[in-house]
Amino acid sequence: MEYENKLVLAPMGTLPFRLLAADYGADITYGEEIIDHKLLKCERQINECINTTDFVEKGTGNVIFRTCHLERNQVVFQMGTSDAVRALTAAQMVCKDVAALDINMGCPKSFSVSGGMGAALLSKPELIHDILTTLKRNLDLPVTCKIRLLKLSQDTVELARRIEKTGVSAIAVHGRKVADRPRDPAKWSEIADIVAALSIPVIANGDVFEFEDFQRIKFATGASSIMVARGALWNASIFSSGNKVHWEDVKREYVRKSILWDNDIKSTKHTLKEMIMHYSSLGLPEGKAVIKSETLTDIARLYGEERYYQLVNGRR
């Protein structure tokens, strides 16, 4: 895994969306955060029906993480953790199936912070060191982490320097502080301070909504690579250097990929709702129909993909 001059999908997608982003030009695709406790309740299974590797929760049968050979060299498994030994045990379960491992140190949501994970780690540099060095020492794949800005820029720089000393391959920086909301502008200048202080690649994240923004943030921060979150969720063709594809066409391709890879209905609906909310409204007929959908069959019918659905399932 190389981290120079890469376009990166932020940790927000299941397999169909990651492959969609890759089709449009994403070089590295992060999976959505999975908590170590959750992974440890899973068993690894080869799904011969759709040619995937699934991590299935014992008891419920829920697929917690699904990947396939098409993304083997570009998918990053992002983990939520607050314990080095537990993180290593979980990482050893997936390390043969992914290109790299990332530790979430930036999520401000209560479920993450209350468990000592995500942004809660930002105030625990010793624990960060313990987790990252344990993983680096025992795993034969790149290890990275994703952080947010601290209240003072010099404190973020100092933390990033400490992280660099653990031997990680790269560090992703979301240009917002824990208290900031998505509508608050990302602080590109503070990412630049981190870039200037480190020798390892820095992946800049924040306020990338058009393809042209990749160069803008790269020029402003000096970062090695650029990560995009909401901009990709709204329209995955943001990664394409050509003309942006209309969101309706991107949405339809996402539906087809969700059918092809037998995606979880909740995940499929979540992604579709995010697209619809940005460009339209969930109060209109399409949005209401997505909300009411209970199966991929319902989604296929809604978007006129019944024949494709039947074709895919017939081949299985």
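Residues numbered from 1 in each chain as written. Predicted model: local features only at pLDDT ≥ 70, side-chain atom pairs only at ≥ 80, totals over all residues. Heavy atoms only, no water.

**Describing helix H11 (residues 265-279)**
- Taking 1.5 Å of rise per residue, 15 residues should cover 21 Å, and H11 covers 21 Å from first to last C-alpha, within 8% of that figure.
- Summarising the contacts, the buried residues of H11 are in contact with helix H1 (15-24), helix H9 (230-234), helix H10 (247-260), helix H12 (285-292) and helix H13 (296-302).
- One side-chain oxygen of the residue at the start of H11 lies 3.1 Å from the amide nitrogen of Lys266, identifying that residue as Asp264. (Helix = DSSP H or I, 4+ residues; strand = E, 2+ residues; numbered from the N terminus. Expected span 1.5 Å × (residues − 1). Contact = heavy atoms within 4.5 Å. Polar contact = N/O pair within 3.5 Å; in protein donor to acceptor, adjacent residues only side chain to side chain.)

**Section: the environment of Ser169**
- Along the chain, Ser169 turns up in the loop between helix H6 (153-164) and strand E10 (170-177).
- On the accessibility criterion, Ser169 (23% relative accessible area) is partly exposed.
- For the pair formed by Ser169 and Tyr3, sequence separation is 166 residues and the distance between their alpha carbons is 8.0 Å.
- For Ser169, the residues in contact, after removing those within four places along its chain, are Tyr3, Lys136, Pro142, Val143, Thr144, Ile200 and Pro201. (Buried < 20%, exposed > 50% of the residue type's maximum accessible area, 1.4 Å probe, protein only.)

**Topic: the packing of aromatic side chains**
- With the rule as written, the count across this model stands at seven aromatic pairs.
- When the ring of Phe209 is compared with that of Trp234, the centres are 5.7 Å apart and the planes differ by 15°; the resulting orientation is stacked. A residue pair is termed long-range when its members are at least 10 positions apart, and Phe209 in the loop between strand E11 (202-205) and helix H8 (211-221) and Trp234 in helix H9 qualify at 25 residues.
- Each member of the aromatic cluster is reached from another via a ring pair, and the members are Phe55, Phe65 and Phe77.
- Looking at Arg256, its charged tip hangs above the ring of Tyr308, at a distance of 4.0 Å from the centre. (Phe/Tyr/Trp six-rings, centres within 6.5 Å; stacked < 30°, edge-to-face > 60°. Lys NZ or Arg CZ within 6 Å of the ring centre and 35° of its normal.)

**As for the sheet that holds strand E5 (residues 52-57)**
- The three strands lie next to each other as E4-E5-E6, forming an open sheet whose pairing is antiparallel. In this open sheet, the two edge strands, each paired with only one partner strand, are strand E4 (42-47) and strand E6 (63-67). Put simply, the sheet's adjacent strands are angled 20° from each other on average, direction ignored.
- Pairing analysis gives four bridges linking E5 to E6, with the strands arranged antiparallel. Each residue of the ladder has a partner; that of Val56, found in E6, is Val63.
- Strands E5 and E6 of the sheet are contacted by H1, whose axis makes an angle of about 30° with E6. (Pairing = 2+ DSSP bridges. Axes fitted to C-alpha atoms, helices over the stretch in contact; angles between N-to-C directions.)

**A closer look at the pattern of salt bridges**
- For the coordinates displayed, the defined rule picks out 18 salt bridges.
- Its salt-bridge partner being Arg86, residue Asp36 comes within 2.9 Å of it at the nearest N-O pair. Placement of the pair is Asp36 in helix H2 (residues 36-40) and Arg86 in helix H3 (residues 84-94), with a sequence separation of 50 residues. Judged on exposure class, the residue Asp36 and its partner Arg86 are both buried.
- Glu248 is the salt-bridge partner of Lys251, the closest N and O atoms lying 2.8 Å from each other. Here the residue Lys251 and the residue Glu248 both occupy positions in helix H10, the gap between them amounting to three residues, near one helical turn.
- Look at Glu248 and you get partly exposed, because its relative accessible area is 34%.
- Among the charged side chains, a salt-bridge network with shared partners connects Asp23, Glu253 and Lys257. (Salt bridge = Lys/Arg side-chain N within 4 Å of Asp/Glu carboxyl O.)

**Brief notes about the side chain of Ser225**
- Assignment of secondary structure puts Ser225 in strand E12 (residues 225-228).
- With relative accessibility at 1%, the residue Ser225 sits in the buried group.
- A polar atom in the side chain of Ser225 sits 2.6 Å from the backbone oxygen of Tyr3.
- Contact partners of Ser225, with chain neighbours within four places excluded, come to Tyr3, Glu4, Asn5, Lys6, Val8, Val202, Ile203 and Ala204.

**As for the state of the cysteines**
- All chains considered together, the criterion is met by zero disulfides.
- Sulfur of Cys107: no disulfide; nearest cysteine sulfur belongs to Cys145 and is 15 Å away.
- Classification of Cys145 as buried rests on a relative accessible area of 0%. (Disulfide = S-S within 2.5 Å.)

**Considering the packing of helix H5 (residues 125-138) against H6**
- Orientation of H5 relative to H6, taken along the N-to-C sense of each, is 25°, at an axis distance of 10 Å. Here H5 is positioned roughly parallel relative to H6, judged by the angle of their axes. Seen from above, H5 lies across H6 with right-handed handedness. Across from Pro125, Glu126, Ile128 and Leu132 in H5, the residues of H6 making contact are Leu159, Arg162 and Ile163.
- Per-class residue counts for the contact of H5 with H6 are five nonpolar, no polar and two charged. (Parallel < 35°, antiparallel > 145°, perpendicular 65-115°, else oblique. Left-handed = near helix turned anticlockwise from the far one by under 90°. Nonpolar A, V, L, I, M, F, W, Y, C, P; charged D, E, K, R; others polar.)

**Concerning H1**
- With nine of its ten residues buried, H1 lies for the most part within the structure.
- Looking only at H1, the buried set comprises Leu15, Pro16, Phe17, Arg18, Leu19, Leu20, Ala21, Ala22 and Tyr24.
- Once H1 finishes, Gly25 follows within two positions and takes phi at roughly 125°, a positive value.

**Observations concerning the packing of H1 against H10**
- The N-to-C vectors of H1 and H10 enclose an angle of 130°; their axes lie 9 Å apart at closest approach. In terms of orientation, H1 and H10 fall into the oblique class. For H1 against H10, the interelement crossing comes out right-handed. Between H1 and H10, the contacting residues are Pro16, Phe17, Leu19, Leu20, Asp23 and Tyr24 on the first element and Val250, Glu253, Tyr254, Lys257 and Ser258 on the second.
- Of the residues belonging to the contact of H1 with H10, the class tally is seven nonpolar, one polar and three charged.

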